[in-house]
Amino acid sequence: MRVGVLGPLEVTDGGGEKVQVGGARLRALLIRLALDAGSVVAVEALTGALWPQDGPADPVHSLHSLVSRLRRALPAAILQVPGGYRLDLPPDAVDALRFERLARQGRQALREDDPQPAVERLRAALALWRGEALTDVADAPYAWAAAARLHELRLAATEDRIAAELRLSGDHSALVAELEELLAAHPLRERLRALLIETLHATGRRAEALAAFESFRATLAEELGAGPGPELKELHLALLRAESPVRGNLRAPLSSFVGRVEEQAHLIRQLNERRLVTLLGPGGVGKSRLATRAASELAAGFPGGAWLVELASVTDPAALPQTIVTTLGLTGPGRPGDQMGRLADALPASPTLIVLDNCEHLIDAAARLVEDLLGRCPHLRVLATSREPLGLLGEALSPLAPLPAADGVRLLADRAAAVRPGFTLSEEGRAAAERICARLDGLPLAIELAAARLRYASVEQVAAGLGDRFLMLTGGSRTALPRHRTLRAVVSWSWDLLSREERAAVERLAVFPGSFTPEAAARVSGWAAVEDFADRSLLQFVPGPQPRYLMLETVREYGLERLAESGGLAEARAAHAAYFAELAEHAEPRLRGAGQLTWVRRLRADRDDLLAAVRFAADSGDAATASRLGAGLRFFWTIAEDPGEAAALLRGVLNVAPHPEVAAAYLLNLVLAAEGGRAKGEAGGLLALAAGCERPATKAMIEALVALITGDAAPGLAAIDAGLPRSAAWDRGVLWFVRSFLDGGLGDMEAMRTDLGQAATAFRACGEHWGQATALSYLAFARTTLGDFEAGAAALEESIGLARDLGTGDGQRVWLAMVRSHTGQTAAARAELLDVLRGNPPASRLGLARVQLANLARFDGDLDAAARHLAEAAVSRDPLFLLARAQLAVARGEDAGPDLAEAFALALEIWDMPLVAMAAVAVASWRLATDASEAAGVLGAAHALRGGPDARHPDVERPARVLRAELGEPAYHAAYEHARRLDRAVAISLVKAALAHTR
């Protein structure tokens, strides 16, 4: 469905058929909702818009009646939500909102000097107008400001469109008539006047352009006693200067310039302030193009000319002065034996700009020449491009980074459209284009080489082919220098400038997949002065509290290829793994105390390298190194990774090097991920590892966790009781924490609360964060299950503060939102969950937040919103997701049986009694309509399984309320209390029987 308000109200359905909306008030209501499509419009705002004066006695009731009538015309488009109503359409379905988006995008493209897409978007935006905006409600006070705003935006978009069209080649004479017509309606609008002057000048009517300025100046002076603004004055001055042609040899580019808006502005500021600026960056990053563009922008301010001196083909350092003389076409008095003197004498005395392009292979000679020239010629400025600085006093450096993702995709699409007319990026194609740009490090030259491949291949095919980027990315411009025609040649040029020892060191640095410290670089490559390679743009400096360096992926792949050819790859990777094994061992004990935050941050910075070291040790069969890495990283992964991911990493280490400490961490993460059932088949092997373990805490932890996942709590409790007295404080915290899970499996929530309090106290004594945060989050669950919501929320808030210091806490925030919803704070709960989603959490946390948002929507009666949230949760095998979907099916009167059966089976498999209890509650809701007495018993069984009533949970409170009304309090109480006193096995059997009745 689409709604048009840029003209008379027009509504079309999904098939393009017009929908009639009769009645002035109905149209006014729809227009007011459409102006905020997708957002809630408060009841007060709607009644004020419809009845600004002399409204009905009961405007809220009258509004409800109007909404009901409007819903008959537009089924399912109007939603009632807390506090107001929402037109349930995406903003782009309303022409005014689509116009604003396209106009914004067009203006942004214009600011980034990309006129073609700017023109396309602005034309599309303006084409949406069918007349005056909001004509159906022109007399309504609420519409006056909105209509005036839209009118101003339309005029600004028209100006932007004309400005963009002026930047494209072609005949602009038709724009003169359009601008004169607009100025007749808006005679004092300066931007329209400036555009008219620019257009007259662009069409060769310079005298008329000057006359247009003078006429406007006189009008302002006569009518307002003021003068033109600074931009118009600057334009007038530029017209006057246009009589003198700009000197130099800068050529107009053949293709558009994409991005680099801030970099260009910064470079121009530097050239205005300094006499020597060096533009730095790796090969292919676009230094020459940016330098030429900046010089062109400044050329008018250099009467002596703006000159590009290309040095790439110069091989003899002594030829540098003559190269400049030849490029500038200079002649001057002879000074035998003094080349520099002859060059200095021949340079113009007026301000002159020289761009020395590609200095890196002649760096020493170029530095001497520039220093001498600047000393002799006070009006000379030099812009050099190089992969390393000239190293002169007074030199201003301007490092050029790779293109950001959005600009890289725009560049790829622009260049692809040039070789393949009609080329556009679909949504899937855009995702592939983003992968291409990321794999190519945002290097413009590499992206342009990839775009050339799109003449015959799809974006997806090019993305897939980048596994061998050097073989694929060939065939650059015929007129380009040889080192710019292939990606391999771009990187080889930098390699060839290194000594043999430097090449060997850089190649060994290629084994670092992530950023690294100078210490790590020295240990692996044997080269201490790693900043040398950053100066030559082979490494990127990563700012931060500790200096770090990063190798671009393109450079890295070339280095690995060279390293493999020389036979040194395995040795370098072994040195890399050995260094990080030592780092992991050093960090491990420091993660369990007051230094935890410092070492978590340090290891996070090395995450990619640590994972690479583990993979290499595993792939090469180096069990000793794999064991050292796994034992050293086991707790870091527990802190920093999603529990499921951490379990997978630890399992990978165990496959190569069985180690009891790794096994204990593996089991703990499986339990935290609610996937403990996966390890049932491994129980014997894991217990064998525990038997040979010397550390009492580790032995007890393995035995207790195996007991937990196999559903036999007694040996687990005995193992912990034996291990606690012989363990240090942090180990005691872990053992109390594991014991609390055994309590939960037994349905003893009071014991769980006590043990979690002991765990939190032990962790607090160590001064670390993760243990405290985790224990407190589970303590909150135990407290709320027992009905102490205030204490539960306080524990969660403390947990969130601790976890936030670790860069985590999304899971705790989701549970805090649910606690708030159980105490009636629905708006605060929803806001918390939406804020979690905005933070782009890990997939598991995102899914959990979506599930809880679905539950909140269901509690509010918005079943369609609940279904949408579940569709976006993408965690189909998660018991919580299955239970949410089952409860939604119950609310809709649909079949919940399959989801209930699967969720109940999964909860039993991992022996999570609180989760089994949640499944039992869902079964009770399902049985409510067919057997009230059985449903009451199942609710009581849920109480027995979780060890507490959890009476304020909406999914517990609702069926309990309905059953009390249907059965009467005595019968409900008898059935509930009988089941509540059952032991665990009988309670589970009762739920199973009820579940069987649903099929």
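Further up the page is the structure itself.
A short tour of the structure in this document, coming up. This is a predicted model, so every value here is computed, not measured.

### Details of the overall build of the protein
- Looking only at helices and strands, the protein features 49 helices and 13 strands.
- Dimensions of the protein along its principal axes, counting C-alpha atoms only, are 110 × 85 × 50 Å.
- Of all 999 residues assigned to the protein, the portion counted as buried reaches 53%.
- Partitioning the intrachain contacts of the protein with sequence separation of at least 6 by distance along the chain shows that 67% fall at a separation of at least 24.
- Of the roughly 43,200 Å² that the protein leaves accessible, carbon and sulfur atoms contribute 53%.

### Some thoughts on helix α25 (residues 553-566)
- For α25, built from 14 residues, the straight-helix expectation of 20 Å at 1.5 Å per residue is met to within 8% by its first-to-last C-alpha distance of 20 Å.
- By the burial criterion, the buried members of α25 are Thr-554, Val-555, Arg-556, Glu-557, Tyr-558, Gly-559, Leu-560 and Leu-563.
- Where α25 is buried, its residues meet α17 (427-439), α20 (469-472), α21 (487-496), α22 (500-509) and α26 (569-587).

### Considerations on the packing of helix α47 (residues 954-967) against helix α48 (residues 969-980)
- Interaxial distance between α47 and α48 falls to 6 Å at its minimum, and their mutual angle equals 125°. Regarding the angle of α47 to α48, the classification is oblique. When α47 is examined against α48, the residues Ala-960, Leu-963, Arg-964 and Leu-967 are found in contact with a partner set consisting of Glu-969, Ala-971 and Tyr-972.
- Class assignment for the residues of the contact of α47 with α48 results in five nonpolar, no polar and two charged.

### Some remarks on the pairing of strand β5 (residues 78-81)
- Two elements, β5 and strand β6 (residues 84-87), share four bridges in a ladder whose sense is antiparallel. Its bridge partner being in β6, Leu-79 is matched across the sheet by Arg-86.

### A closer look at the nonpolar core
- Of all hydrophobic cores here, the largest spans 167 residues; its most connected members are Leu-383, Ile-436, Leu-509, Phe-516, Trp-637 and Leu-667.
- With 10 residues, the single largest contributor to this core is helix α31 (residues 660-672).
- If you look at the next biggest cluster of nonpolar residues, it comprises 68 residues, including Val-851, Ala-917, Leu-928 and Val-956.

### Notes on the packing of aromatic side chains
- A complete count under the given rule lists 14 aromatic pairs for this structure.
- Where Trp-527 meets Phe-533, the ring centres are 5.4 Å apart and the plane angle is 35°; that geometry is what we call tilted.
- Between Tyr-579 and Phe-580, the aromatic rings sit 4.9 Å apart at their centres with planes inclined by 85°, giving edge-to-face as the arrangement.
- Residue classification places Tyr-579 among the buried positions, given a relative accessible area of 4%.
- A relative accessible area of 0% places Phe-580 in the buried class.
- In this structure an aromatic cluster arises from ring pairing among Phe-512, Phe-516, Tyr-579 and Phe-580.
- Stacked on the ring of Trp-730, the Lys or Arg Arg-592 has its end atom at 5.6 Å from the ring centre.
- We note Arg-651 situated over the ring of Tyr-666; from NZ or CZ to the ring centre the distance is 5.2 Å.

### A closer look at the pattern of salt bridges
- Applying the stated criterion across every chain yields a total of 64 salt bridges.
- Here Asp-160 ties to Arg-107 by a salt bridge, and the two come within 2.8 Å at their closest N and O atoms. Remark: Arg-107 occurs in helix α4 (residues 95-111) and Asp-160 occurs in helix α6 (residues 141-166); sequence separation between them is 53 residues.
- Classification of Arg-107 by relative accessible area gives partly exposed; the value is 29%.
- Here Asp-608 makes a salt bridge to Arg-607, at a shortest N to O gap of 3.9 Å.
- Given a relative accessible area of 32%, Arg-607 falls into the partly exposed group.

Reading the values: rules and limits
Residues numbered from 1 in each chain as written. Predicted model: local features only at pLDDT ≥ 70, side-chain atom pairs only at ≥ 80, totals over all residues. Heavy atoms only, no water. Helix = DSSP H or I, 4+ residues; strand = E, 2+ residues; numbered from the N terminus. Buried < 20%, exposed > 50% of the residue type's maximum accessible area, 1.4 Å probe, protein only. Contact = heavy atoms within 4.5 Å. Areas by Shrake-Rupley, 256 points an atom, 1.4 Å probe, with all protein chains shown as cover. Expected span 1.5 Å × (residues − 1). Axes fitted to C-alpha atoms, helices over the stretch in contact; angles between N-to-C directions. Parallel < 35°, antiparallel > 145°, perpendicular 65-115°, else oblique. Nonpolar A, V, L, I, M, F, W, Y, C, P; charged D, E, K, R; others polar. Pairing = 2+ DSSP bridges. Core = buried A, V, L, I, M, F, W, Y, C linked by side-chain atoms within 4.5 Å. Phe/Tyr/Trp six-rings, centres within 6.5 Å; stacked < 30°, edge-to-face > 60°. Lys NZ or Arg CZ within 6 Å of the ring centre and 35° of its normal. Salt bridge = Lys/Arg side-chain N within 4 Å of Asp/Glu carboxyl O.

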